[in-house]
Amino acid sequence: MTLFNIAFTNVRKNFSQFSMYLGSLILSVLIYFTFVSLAYTKSIGVIFEKWGIGGQGVFMAAAIVLILFVAFFVFYSSNYFTRSRKRELGLYSLLGLRKGQIGRIIFYENLMMHVMAVVSGIVIGVFFSKFFSMLLFRIMDLSINGGFTFSVSAILSTLFVFGMILIVTTANGYWIVYRHSMVELFKADVREKNPAKGSLTLSIVGLLLIGFGYFLATRSIEDSIFWTEDFFFSSMLFVLFGVILGTWLVLRFLFPYVVYKLFLRKSFFYSGTNILTLTWLRYRMKKTAGTLTMIAVLSATTLTIIGALSSVYTNIISFAESSNPNSYQTVWSTQTEREKILEAIRDSKSHTLVYHDAADVYSGEVIDKVDDEDLPIVDQRMTHFSVMSLSDYNRLAMKLNNNSQKIQHLEDGEAVFLSPNDRIENKKRAHLWMKDPYTVAFKNNPTTYRLKIVDIYHHVVLNTDMVYSALVVNDRIYQEISQKTMPMHVDIFQVTNEDRAEALDQKIQKIVGGNPYMYNLEMSSFYSNYHMMSTLIGVILYIGMFMGVVFFAATGSIIYFKQITEAVDEKPRFEVLQKLGMSQKEVRAVIAKQVLPVFLIPLVLGICHSIAAMIGFSVNIMYRVGAPVVVSTTIYTVFFIVYYFVCVNTYTKMVSNSDE
């Protein structure tokens, strides 16, 4: 029998053990191939170029990050997997195979795994390329039909990357074989001579590190002394490394301390199969702390990435809608241009004109010095306003019919500030804006006006990329300003199906000489503004979702491989127990109890870490994060539970007697 045949037989007979590793590898290949394929897809490149977004560069950057993480994950998993087969490798050596031949068997096994993974990942990627493209377009809210893609460059890139990973994992297998003698290969991992008792003092230190890290992470950067310029970097390092160190201390000392206390409670220790579970946990905790810490950190990272990106996506999309209430706005359009725009709308089969209106807005600068120059920008008051009349505001607000609040009355010197989204300003900033009156001056107007903001409305009636920091004053003050100030005349065109108005958008752009980019001086378009934001944040969310999937697969697989490695060492113990009369059901119950803390504790810690991170994110970015966090955490937990049962089933099969 050739060495290749031996490797092939090993893979075929032990495919259940190889399957989790193979599945994670296929998923990694699939996501890397998808990222690279999308980066090379011309139709997607055209979309990114249209909106002025370097989306292809983002995909390539994400692919590079994915390479680094996948390389670490595959190396780590392969290392665990090879170590779990030390006895098998020792048997080869006992039968007369040289270490170089044993290394070749490992190479052939890795080669088969990688060939199956790369071929499967690429084939799945090609067949589902249309689905992945349509998913991307759906997240970006673009009505484009995706097609099948077959990129030779993406295939070559995938082959090169995973070929290099194959070389590294094979070299690691050779290193394990050459590093250990035959006797060492036959030995199981040495169990700790002295079971861990834990330490209440170090456990408290770990909890304090985590607690203070949470405290810093959930503080407002604007208000907290810990996040000033002098302490910002040190606080950031403490949150990162303090929480990780605290997690390790809790897992290394608190959990063994709890297990030791349960061990001392003889009524609990001798109840059922607790004697087996507690004994196993006591002798394994020291070696498990590092792995469980890494799993907790990976879980927190995965949940934070998905939760943060989902929150940003939902809030940005909401902001894009609320800050662009009108389908089209143009500045100083001529009568000819207005007629052409109306004609383009009439000729459009998919859109009808809802109404055409106009308003004059006056740009004013704040001239009184009320803030210290050394204050952060977020602590400074407004420096510019776009002033509109009370009657114009009420007329447009009623036409929009989007729950815009009507202003009943304003005294001279009073004003209402229009903000497109109440999540952008916190209470402190609103207080700063409303605390003192503003002295506002207008170009070519010798008169200055003292205006005090008496209320803030969380909606706008004009698109904010053209009319920002809108301030509503009463008609008398407005008329006085208009007599000596040049206005910005804004024409408003409201149409149906504005979110699917690409063709109409292009026609109107040609008429006014505009372009789709934000802060366009000639025209403001809901379609352009909305889809530029949705495209940018949609690409980031899309990448984050797939990266989260890879992180999750890696997290579950690391636990799985660690437990399978321990199952090999624990098999003799369970064989003795089964010979003494322990049933298959009891074996499974013992294993379920042993494995549960390994899954449950890092999951709980990871969720706690991610919740603290998301609270800090919400406090500082001022976004609502509740719903995305609940959804992502629930999905993550469900799949983690699935991993747990798969691990328990595999562990049970490996340690059970074959004759039962």
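(A) Quick peek at unusual backbone geometry. Its identity as a non-glycine residue notwithstanding, Asn444 has a phi of 65 degrees, on the positive side. Secondary-structure assignment places Asn444 in the loop between β5 (438-442) and β6 (448-457). Residue Asn444 is classed as exposed on the basis of its relative accessible area of 68%. Phi is positive for Ser469, close to 55 degrees, though the residue is something other than glycine. Structurally, Ser469 can be placed in the loop between β6 and β7 (470-473).

(B) Highlighting the nonpolar core. Judged by nonpolar contacts, the single largest core of 119 residues is most densely connected at Phe35, Phe59 and Phe162. Among the elements that make up this core, the one with the highest residue count is helix α19 (residues 526-579) (23 residues). What Phe162 contacts, discounting residues up to four positions off in sequence, is Leu25, Ser28, Val29, Tyr32, Val70, His114 and Val118. Of all hydrophobic cores here, the second largest spans 24 residues; its members include Tyr355, Leu390, Tyr457 and Val467.

(C) Just the pairing of strand β4 (residues 414-418), in detail. Burial within β4 is extensive, with 4 of its 5 residues counted as buried. The sheet contact formed by β4 and β6 spans 5 bridges and is parallel. Of the residues in β6, the one forming a bridge with Val416 is Asp455. Two elements, β4 and β7, share 3 bridges in a ladder whose sense is antiparallel. Residue pairing across strands places Val416 opposite Val472, the latter belonging to β7.

(D) Molecular detail of a nonpolar patch on the surface. A grouping of Val115, Val119, Val123, Ile124, Phe127, Phe128 and Phe131 is seen on the molecular surface, where their side chains present a nonpolar patch of about 650 Å² in accessible area. Ranked by residue count, the leading element in the nonpolar patch is helix α6 (residues 99-127), at 5 residues. Mapped onto the elements of the fold, Phe127 is located in helix α6.

(E) Up close: the environment of Ile204. By the element assignment, Ile204 lies in helix α10 (residues 200-217). Residue Ile204 is classed as partly exposed on the basis of its relative accessible area of 43%. Expressed as a C-alpha distance, the spacing of Ile204 and Leu249, which sit 45 residues apart in the sequence, is 8.8 Å.

(F) Summary view of the packing of helix α14 (residues 335-347) against helix α18 (residues 502-512). Between α14 and α18, the least distance of the axes is 10 Å, while the angle of their chain directions is 165 degrees. Accordingly, the angle class assigned to the pair α14 and α18 is roughly antiparallel. In the crossing of α14 with α18, the sense of the turn from one axis to the other is right-handed. Contacts between α14 and α18 pair Glu337, Lys340, Ile341, Ala344 and Ile345 from the former with Leu504, Ile508, Ile511 and Val512 from the latter. Its residues placed into classes, the contact of α14 with α18 shows 7 nonpolar, no polar and 2 charged.

Analysis parameters
Residues numbered from 1 in each chain as written. Predicted model: local features only at pLDDT ≥ 70, side-chain atom pairs only at ≥ 80, totals over all residues. Heavy atoms only, no water. Helix = DSSP H or I, 4+ residues; strand = E, 2+ residues; numbered from the N terminus. Buried < 20%, exposed > 50% of the residue type's maximum accessible area, 1.4 Å probe, protein only. Core = buried A, V, L, I, M, F, W, Y, C linked by side-chain atoms within 4.5 Å. Contact = heavy atoms within 4.5 Å. Pairing = 2+ DSSP bridges. Patch = residues over 30% accessible without salt bridge, like charges linked within 9 Å, V, L, I, M, F, W, Y side chains within 5 Å. Areas by Shrake-Rupley, 256 points an atom, 1.4 Å probe, with all protein chains shown as cover. Salt bridge = Lys/Arg side-chain N within 4 Å of Asp/Glu carboxyl O. Axes fitted to C-alpha atoms, helices over the stretch in contact; angles between N-to-C directions. Parallel < 35°, antiparallel > 145°, perpendicular 65-115°, else oblique. Left-handed = near helix turned anticlockwise from the far one by under 90°. Nonpolar A, V, L, I, M, F, W, Y, C, P; charged D, E, K, R; others polar.

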